[in-house]
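The lines below spell out each chain.
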Amino acid sequence: MKIGLCSVSFRKLSVDEIIILAKKANLDAIEWGADIHCPFTNLNLCKEIGEKTRANGLLTYSYGSYFRCKDVNEFKKISEAAKALGASVIRVWAGEKWSNEFSKEEFTNMVNVLKECAEIAKVNNQIICFEYHHHTFNDYKESSLTLIKAVNKDNVKTYWQTQYWDDKSSREDNHKNNIESLKLLKNYIVNFHVYNWVGYLERYPLDLIKREMKEYLSYANINSVAYLEFFKDDSVEQFYQDAKALKDIVS
């Protein structure tokens, strides 16, 4: 299993600075975000970033887009940007509200858009993956499975991360819920986002949950990438410590 860094973790740093961080931490990959560092509107820049990343011994396996599954024409541009970057996985967001807030018509429209997007991605040998996230249809294990099966395309799958948006009263309950979601979705999970959050605001060192994270990542396939994302106090030093903890976990 490979280890990477999501560039969105350090939005204030430059592309070159992020590459230096990833190299110093002995990571394998960088997932470049489309919001700041690698906009899909600039194909030349996407190509340049991809080449620079690989020249420094790092992979550009995935592209962190903020596509909300509404506009097929927008996805065409994103797919071309991912191709220029050299990314075979495009991370997207399944809408902009909780799954239980979607009407049947809204859900059907999103599924139809995704079916078209899947065909576009297929031409470029790309996989579309949903962010596993609150305020999207891909917010819980049941809704995630419902969405993936409704789209019903081999190249439409999901990411996975611990559900900080649904923290329970105990560490044991959180662990149980996460394992249940992994068991249900394991055949569809491509990559992981890795962090140690409690609720929306509190961040802690990854070292504190090494046992749980090791179990979570045991559900990964051999080609999965575990991407470190966001750190306590947005600290570079904490990033290095979390990177070391993650390397211990996957080893």
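Residues numbered from 1 in each chain as written. Predicted model: local features only at pLDDT ≥ 70, side-chain atom pairs only at ≥ 80, totals over all residues. Heavy atoms only, no water.

*Asks:* Break down a nonpolar patch on the surface for me, with residues and values.
*Replies:* Residues Val-198, Tyr-204 and Leu-208 make up a contiguous nonpolar surface patch of about 250 Å² in total accessible area. Its location among the elements puts Leu-208 in the loop between strand 9 (202–203) and helix 7 (210–217). For Leu-208, a relative accessible area of 51% gives the class exposed. (Patch = residues over 30% accessible without salt bridge, like charges linked within 9 Å, V, L, I, M, F, W, Y side chains within 5 Å. Areas by Shrake-Rupley, 256 points an atom, 1.4 Å probe, with all protein chains shown as cover. Salt bridge = Lys/Arg side-chain N within 4 Å of Asp/Glu carboxyl O. Helix = DSSP H or I, 4+ residues; strand = E, 2+ residues; numbered from the N terminus. Buried < 20%, exposed > 50% of the residue type's maximum accessible area, 1.4 Å probe, protein only.)

*Asks:* Account for the packing of helix 3 (residues 72–85) against helix 4 (residues 104–123), with residues named and values stated.
*Replies:* A pair of packed helices is captured by two measures, namely the crossing angle of their axes and the spacing between those axes. Close contact between helix 3 and helix 4 brings their axes to 10 Å; oriented N to C, the two are set at 25°. Comparing their axes, helix 4 and helix 3 come out roughly parallel. Relative to helix 4, helix 3 is oriented so that their crossing is right-handed. Along the contact surface, helix 3 presents Val-72, Phe-75, Lys-76 and Ser-79, while helix 4 presents Val-113, Glu-116, Cys-117, Ile-120 and Ala-121. (Axes fitted to C-alpha atoms, helices over the stretch in contact; angles between N-to-C directions. Parallel < 35°, antiparallel > 145°, perpendicular 65-115°, else oblique. Left-handed = near helix turned anticlockwise from the far one by under 90°. Contact = heavy atoms within 4.5 Å.)

*Asks:* Mind laying out the sheet that holds strand 10 (residues 225–228), listing which residues take part and the relevant values?
*Replies:* One closed barrel accounts for 8 strands, arranged 1-2-3-4-5-6-7-10; its pairing is parallel. Adjacent strand axes in the sheet meet at a mean angle of 30° when their direction is disregarded. As paired strands, strand 3 (residues 62–64) and strand 4 (residues 89–92) are joined by 3 bridges and run parallel to one another. Bridge pairing links Ser-62 to Val-89 in strand 4. Helix-sheet contacts for helix 5 (residues 141–151) involve strand 5 (127–130) and strand 6 (156–160), and the interaxial angle to strand 6 is about 160°. (Pairing = 2+ DSSP bridges.)

*Asks:* Describe the pairing of strand 5, listing the residues and the values that go with them.
*Replies:* Where strand 4 meets strand 5, 4 bridges bridge the pair, whose relative direction is parallel. Looking at the pairing, Ile-90 lines up with Ile-128 of strand 5. Where the polypeptide runs from strand 4 across helix 4 and back to strand 5, its parallel neighbour, the crossover connection is right-handed. Bridge count for strand 5 against strand 6 is 3 bridges, and the pairing is parallel. Each residue of the ladder has a partner; that of Ile-128, found in strand 6, is Val-156. (Right-handed = clockwise from strand over helix to strand, strands pointing away.)

So yeah, pure geometry; function would need other evidence.
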